[in-house]
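Notes for the structure review
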Amino acid sequence: MLVGLVLLGGATVFLCVARNIPLLLIGRALQGITAALTWTVGLSLVIDTVDAKHVGVATGWIGMATSLGVLLAPLLGGVVYGRGGYYSVFAMCFGLIAVDIVLRLSIIEVREAKKWLDATDSTGPSGLEKGAEADNQNSDAIPPSVSQLREEQSTPSPITAAQEKSQPSGLVAIFGPFIGLLRKPRLLAALWGTLVHAILQTSFDSTLPLLVESIFHWDSIGAGLVFLPLVLPTFLSPIVGFLGDKYGPKWLASGGFLLAAPFLICLRFVEENDLRHKIMICGLLFGVGLAIACVFGPLMAEITWSVLGDGESENREEDLATAPYAQAYGLYNMAFSGGSLVGPILGGFIRDEAGWPTVCWAMGLITAVTAVISVIWVGRPVAFFKRQNI
């Protein structure tokens, strides 16, 4: 993650001094590499740290932070640029990178924390015997399968020649987990929902500032502040994550996409420069932000749940220790990055070719279709499709 942040600093330097297309492309390419490093490793670290029963709450907090970052960026950028100019925006970016590096250095990974906890248990006031006694009690309290897993990880076991021959190697070892993941309809539905969510969230970056400038004649500060109604509902993401842990992601994700459709379609009626239409656009954007809050956390948690499978396993810690969730979140990062790439291009292209009303119809249609997909496959598939093995 630190390497990713160093690359992010270099990318920001390129973007700050860029005065031609090649430098801008280099800066954006470095930003993409940074996202691949920090985002995938960061999510894997969270899943490795958080108890499996509270994945939804954890991803709710992540969803809130991510949505705040994506949606506050135009707001802060517009305000700072309007007040301080071009270089003030990049000064703010360098400051945020410095704070991020300090926070990353303060992280204590799970395996390091376990070493300290084990040392504390073994050197307690009752001596080594009580430490060993406590370890035995802890082992008894843990389900046998998890205890066996820990013993297998700490004690090397002899491997026969036949077993070595059966172990996957080369390309099979590298791409085998990815192929297995891509055969899960539940995971594919979550990745599709992530792609659509990213398209929806980032399509406003290229269309909303131009819309408020052309209709309401707002400057860069106003174009930034119009993102505020989209940001406010994201504070509900931890609550949505709690509900996802309790009731599952299906109805939250599908309900969020379904909720977004009418608000997106009604945005096409914003076309006059008066107070009524200004209130209308703020209210409709708040509804879209609420829908995004209902979608982000549950879909992120669904990546973990879909990898663990449909069965009700009593030993979720063992499943997490063996499941390829790091690769799954790599696919999640690809889906979100793909949506972030397609969103501004798609929104800007449709607006230039067919106008703002068509943008609203297109986004509303995409989210409505995604709501149907989420009902069928997100969470456990509905009975008919489960029987058909679809």
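Each value, and the rule that gives it
Residues numbered from 1 in each chain as written. Predicted model: local features only at pLDDT ≥ 70, side-chain atom pairs only at ≥ 80, totals over all residues. Heavy atoms only, no water. Axes fitted to C-alpha atoms, helices over the stretch in contact; angles between N-to-C directions. Helix = DSSP H or I, 4+ residues; strand = E, 2+ residues; numbered from the N terminus. Parallel < 35°, antiparallel > 145°, perpendicular 65-115°, else oblique. Left-handed = near helix turned anticlockwise from the far one by under 90°. Contact = heavy atoms within 4.5 Å. Nonpolar A, V, L, I, M, F, W, Y, C, P; charged D, E, K, R; others polar. Salt bridge = Lys/Arg side-chain N within 4 Å of Asp/Glu carboxyl O. Buried < 20%, exposed > 50% of the residue type's maximum accessible area, 1.4 Å probe, protein only. Lys, Arg positive; Asp, Glu negative; His and termini not counted. Polar contact = N/O pair within 3.5 Å; in protein donor to acceptor, adjacent residues only side chain to side chain. Phe/Tyr/Trp six-rings, centres within 6.5 Å; stacked < 30°, edge-to-face > 60°. Core = buried A, V, L, I, M, F, W, Y, C linked by side-chain atoms within 4.5 Å. Expected span 1.5 Å × (residues − 1). Bend = angle between axes of the 7 residues up to and from the residue. Patch = residues over 30% accessible without salt bridge, like charges linked within 9 Å, V, L, I, M, F, W, Y side chains within 5 Å. Areas by Shrake-Rupley, 256 points an atom, 1.4 Å probe, with all protein chains shown as cover. Arc of directions from axis to C-beta.

With that out of the way, let us pick up the packing of helix 14 (residues 250-266) against helix 18 (residues 356-377). Across the interface, helix 14 lies against helix 18 with an axial gap of 8 Å and an inter-helix angle of 165°. Between helix 14 and helix 18, the angle is such that the two are roughly antiparallel. The chirality of how helix 14 crosses helix 18 is left-handed. Between helix 14 and helix 18, the residues in contact are Lys-250, Trp-251, Ala-253, Ser-254, Phe-257, Leu-258, Ala-260, Ala-261, Leu-264 and Ile-265 and Cys-360, Trp-361, Met-363, Gly-364, Thr-367, Ala-368, Thr-370, Ala-371, Ser-374, Val-375, Ile-376 and Trp-377, respectively. Considering only residue class, the contact of helix 14 with helix 18 consists of 16 nonpolar, five polar and one charged.

Now for the pattern of salt bridges. Tallied over the entire structure, the rule returns two salt bridges. The partner of Arg-104 in a salt bridge is Asp-100, with the nearest N and O atoms 2.8 Å apart. Of this pair, Arg-104 and Asp-100 both sit in helix 4 (residues 86-105), four residues apart, roughly one helical turn. Using a relative accessible area of 22% as the deciding quantity, one classes Asp-100 as partly exposed.

On to the packing of helix 1 (residues 2-17) against helix 4. Between helix 1 and helix 4, whose axes approach to 10 Å, the crossing angle comes to 175°. What the angle tells us is that helix 1 and helix 4 run roughly antiparallel. Of helix 4, the residues touching helix 1 (which contributes Leu-2, Leu-5, Leu-8, Gly-9, Thr-12, Val-13, Leu-15 and Cys-16) are Tyr-86, Tyr-87, Phe-90, Cys-93, Phe-94, Ile-97, Asp-100, Ile-101, Arg-104 and Leu-105. For the contact of helix 1 with helix 4, a count of residues per class yields 14 nonpolar, two polar and two charged.

A few words now on unusual backbone geometry. The phi torsion at His-217 lies on the positive side, around 60°, for a residue other than glycine. According to the relative accessible area criterion, His-217 is exposed, its value standing at 59%.

Let us now look at the environment of Val-3. Structurally, Val-3 is set in helix 1. Residues Val-3 and Ile-101, spaced 98 residues apart in sequence, show a C-alpha to C-alpha distance of 9.9 Å.

Right, let's get into the side chain of Lys-250. One can find Lys-250 in helix 14. For Lys-250, which is buried and forms no salt bridge, the nearest opposite charge comes from Glu-302, at a distance of 7.7 Å. A polar contact of 2.7 Å, which involves the side chain of Lys-250, links it to the backbone oxygen of Val-375.

All right, on to the packing of aromatic side chains then. Tallied over the full model, the rule gives six aromatic pairs. Consider the rings of Phe-296 and Phe-336, whose centres lie 5.8 Å apart with planes at 5°: the pair is stacked. A residue pair is termed long-range when its members are at least 10 positions apart, and Phe-296 in helix 15 (residues 275-308) and Phe-336 in helix 17 (residues 325-354) qualify at 40 residues. Across the pair, Phe-336 and Phe-296 agree in class, each one buried. On the numbers, 6.5 Å between centres and 20° between planes, the contact of Tyr-332 with Phe-336 is stacked. Of this pair, Tyr-332 and Phe-336 both sit in helix 17, four residues apart, which is roughly one turn of that helix. Among the aromatic side chains, those forming a connected cluster through ring pairs are Phe-296, Tyr-329, Tyr-332 and Phe-336.

Summarising the element assignment, Thr-304 is placed in helix 15. Classification of Thr-304 by relative accessible area gives buried; the value is 1%. For Thr-304, the side chain forms a polar contact with the side chain of Tyr-329, separated by 2.7 Å.

Time to look at the nonpolar core. Counting 33 residues, the largest nonpolar core has Leu-43, Leu-191, Leu-299, Met-300, Ile-303, Tyr-329 and Tyr-332 as its most contacted members. For this core, the secondary structure elements donating two or more residues are helix 2 (21-49), helix 3 (55-84), helix 10 (185-215), helix 14, helix 15, helix 17 and helix 18. The element contributing the most residues to this core is helix 15, with eight residues. Ranked by size, the runner-up nonpolar core spans 27 residues in total, among them Val-212, Phe-216, Leu-267 and Val-288.

Time to look at helix 15. The end-to-end C-alpha separation of helix 15 is 51 Å, in line with the 50 Å expected for 34 residues at 1.5 Å each. Along its length, helix 15 reaches its greatest deviation from straightness, about 30°, at Glu-302. In terms of burial, helix 15 is a largely internal element, 25 of the 34 residues being buried.

To continue, consider a nonpolar patch on the surface. On the surface, a nonpolar cluster with roughly 510 Å² of combined accessible area is contributed by Leu-236, Ile-239, Phe-242, Leu-243 and Tyr-247. Among the secondary structure elements, Leu-243 is positioned in helix 13 (residues 237-247). Judged by relative accessible area, which is 31%, Leu-243 ranks as partly exposed.

What follows covers helix 13. Inspection of helix 13 places Ser-237, Pro-238, Val-240, Gly-241 and Gly-244 among the buried residues, and these make up the whole buried set. Buried residues of helix 13 fall within an arc of 155° about the axis and therefore sit on the same side. Facing away from the buried side of helix 13, by more than 90 degrees, are the exposed residues Ile-239, Lys-246 and Tyr-247. Phi turns positive, to about 95°, at Gly-248, one or two residues after helix 13.

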